[in-house]
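# Topology and contacts: notes
Residue strings, one per chain:
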Amino acid sequence: IFSHLIHTYGRFTLTGIGCSIWIVAVMLSGSAYYSGSYVFLLFARILSGLAEASMQCAIPPWIQKTAPAHQKGLWLGIFYMAIPVGLALGYAYSSICSESVGWQFAFFFEGFIMVPFVIYMFLVAPHFPPDKVKVEEEEGAHPTIWQEILIVCGRPVFLCFCMAYAAQSATLTGLSTFGSSFMMGLGYFDKESQASTLFGIVIS
């Protein structure tokens, strides 16, 4: 959906909207501590993932189009490295917050830190107009979202990339969910905060 709307609203406008939703999502995630509801927390985390799709769909193609030819791989590598590195550092960060002020403030701090970056995205958005689609130029009509899905699904490179990225995400999510519990189960640590901190350092 975000990829399709780029042709109408522009990638940085949509990224700003998505990251604004993400701020709301992390604030709701922190507020789940006070509600005592797992369903509330689950909804907030789902909303966070949906909001992150705006950046995942908009920024890599922009890097591909604008980065110098000899630096495209480097720029894309840095972008995609941010997720696993952030996940690893998040272990130590969240355990420190949990031991001091409470895990809910890990979300609140993230939300406040993100605000100036979102404002910046909206400020630069007018300088990046909506992308035009090649299909539109060739056929004289704007493709529907279903036509675009068929186009990208017919590209082997796209399909291979999606499967590889899904496998990477599944592996990292599995490690992030059960890694510290495994180490505690093996008797290496008595406290989950200690296991999470060391696990995050190892992944980093």
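Everything discussed here concerns the structure shown above.
Predicted model, so just to flag it, every value in this text is computed and none were measured.

Conventions used here
- The written sequence of each chain sets the order in which its residues are numbered from 1.
- The model is predicted, so local features are restricted to residues of pLDDT at least 70 and side-chain atom pairs to those at 80 or more, both for listing and for counting; the totals for chains, interfaces and linings are taken over all residues.
- Processing note: side-chain calculations cover all non-hydrogen atoms of the structure and skip hydrogens and water entirely.
- We count a stretch as a helix when DSSP gives it H or I for four or more residues in a row; a strand needs E for two or more, and each element gets its number in order from the N terminus.
- Contacts are residue-level and defined by heavy atoms, with any inter-residue pair within 4.5 Å sufficient.
- To be clear on the numbers: accessible area is Shrake-Rupley with a 1.4 Å probe, and residue cover counts the displayed protein chains and nothing else.
- Residues counted as positive are Lys and Arg, residues counted as negative are Asp and Glu, and His and the chain ends are not counted.
- To locate a charge, take atom NZ for lysine, CZ for arginine, CG for aspartate or CD for glutamate.
- Nonpolar side chains (Val, Leu, Ile, Met, Phe, Trp, Tyr) within 5 Å and like charges within 9 Å form the patches, drawn only from residues with over 30% relative accessible area and no salt bridge.
- When a carboxyl oxygen of Asp or Glu is within 4 Å of a side-chain nitrogen of Lys or Arg, the pair counts as a salt bridge.
- Between buried and exposed lies partly exposed: a residue is buried under 20% and exposed over 50% of the maximum accessible area for its type, with that area taken using a 1.4 Å probe on protein chains only.
- Distance and chemistry together define a polar contact, namely a pair of N or O atoms within 3.5 Å, with one atom able to donate a hydrogen and the other to accept it when in protein, and with adjacent residues in sequence counting only for side-chain atoms on both sides.
- Here the expected span of a helix is defined as 1.5 Å times the quantity of residues minus one.
- Bend angle per residue: angle between axes fitted to the 7 residues ending at that residue and the 7 residues starting there.
- Lines are fitted to the C-alpha atoms to define the axes, a helix being fitted only along its stretch in contact, and any angle between axes, read from their N-to-C directions, falls within 0 to 180 degrees.
- The cut-offs work like this: below 35 degrees is roughly parallel, past 145 is roughly antiparallel, 65 to 115 is roughly perpendicular, and the gaps in between are oblique.
- Throughout, a crossing is termed right-handed when the near helix is turned clockwise from the far one, and left-handed when it is turned anticlockwise from it by less than a right angle.
- Think of it as three bins: nonpolar holds Ala, Val, Leu, Ile, Met, Phe, Trp, Tyr, Cys and Pro, charged holds Asp, Glu, Lys and Arg, and polar takes everything else, Gly as well.
- We call a set of buried Ala, Val, Leu, Ile, Met, Phe, Trp, Tyr and Cys residues a nonpolar core when their side-chain atoms join them within 4.5 Å.

Let's shift gears to the overall build of the protein chain. When you go through the protein chain residue by residue, the secondary structure sums to nine helices and zero strands. The linear arrangement of helices and strands in the protein chain, starting from the amino end, is α-α-α-α-α-α-α-α-α. Seen along its three principal axes, the alpha-carbon backbone of the protein chain occupies a region of about 65 × 35 × 35 Å. The contacts of the protein chain with a sequence gap of at least 6 include a subset with a gap of at least 24, amounting to 65%. Roughly 12700 Å² of accessible area belongs to the protein chain as shown, and the carbon and sulfur atoms make up 73% of that amount. On the protein chain, the mean spot of the 8 positive side-chain charges and the mean spot of the 11 negative ones are 7 Å from each other.

A contiguous nonpolar patch, built from Leu 74, Trp 75, Ile 78, Met 81, Val 85 and Leu 89 and spanning about 550 Å² of accessible area, is present on the exposed surface. Of note, Met 81 is situated in helix 4 (residues 72–100).

Next up on the list: the side chain of Ser 54. Relative to the assigned elements, Ser 54 resides in helix 3 (residues 38–66). The exposure class of Ser 54 is buried, given its relative accessible area of 1%. Among the polar contacts made by the side chain of Ser 54, one reaches the main-chain carbonyl oxygen of Ala 51 at a distance of 2.8 Å. If near-sequence neighbours (up to four positions away) are discounted, Ser 54 is found in contact with Phe 2, Leu 14, Thr 15, Gly 18 and Cys 19.

Once that is clear, we can look at helix 4. End to end, helix 4 covers 41 Å across 29 residues, agreeing with the expected 42 Å (1.5 Å per residue, within 8%). Ala 82 marks the point of greatest bend in helix 4, at about 35°, and the proline Pro 84 comes within the next four residues. Those residues of helix 4 that fall on the buried side of the exposure criterion are Lys 72, Leu 76, Phe 79, Tyr 80, Pro 84, Ala 88, Tyr 91, Ala 92, Ser 95 and Cys 97. Backbone geometry just after helix 4 places Gly 102 at a positive phi near 115°.

Moving on, we get to the packing of helix 3 against helix 4. Where helix 3 contacts helix 4, the two axes come as close as 9 Å, and the packing angle between them is 160°. Viewed along their axes, helix 3 and helix 4 adopt a mutual orientation that is roughly antiparallel. Helix 3 and helix 4 meet at a crossing whose hand is right-handed. On helix 4, the residues touching Met 55, Gln 56, Ile 59, Pro 60, Ile 63, Gln 64 and Lys 65 of helix 3 are Lys 72, Trp 75, Leu 76, Phe 79, Tyr 80 and Ile 83. A per-class count over the contact of helix 3 with helix 4 returns nine nonpolar, two polar and two charged.

Attention now goes to the nonpolar core. A general trend in soluble globular proteins is that nonpolar side chains are found buried together. The biggest cluster of nonpolar side chains holds 18 residues, and the ones touching the most others in it are Phe 12, Trp 22, Ile 63 and Met 114. With sequence-adjacent residues up to four places away left out, Trp 22 is seen in contact with Ser 48, Ala 51, Glu 52, Glu 110 and Met 114. Of all hydrophobic cores here, the second largest spans five residues; its members include Tyr 91, Met 183, Ala 195 and Phe 199.

Let's shift gears to the environment of Gln 168. With respect to the secondary-structure elements, Gln 168 resides in helix 8 (residues 156–185). Sequence-wise, Gln 168 and Phe 79 are 89 residues apart; in three dimensions their C-alpha atoms are separated by 15 Å.

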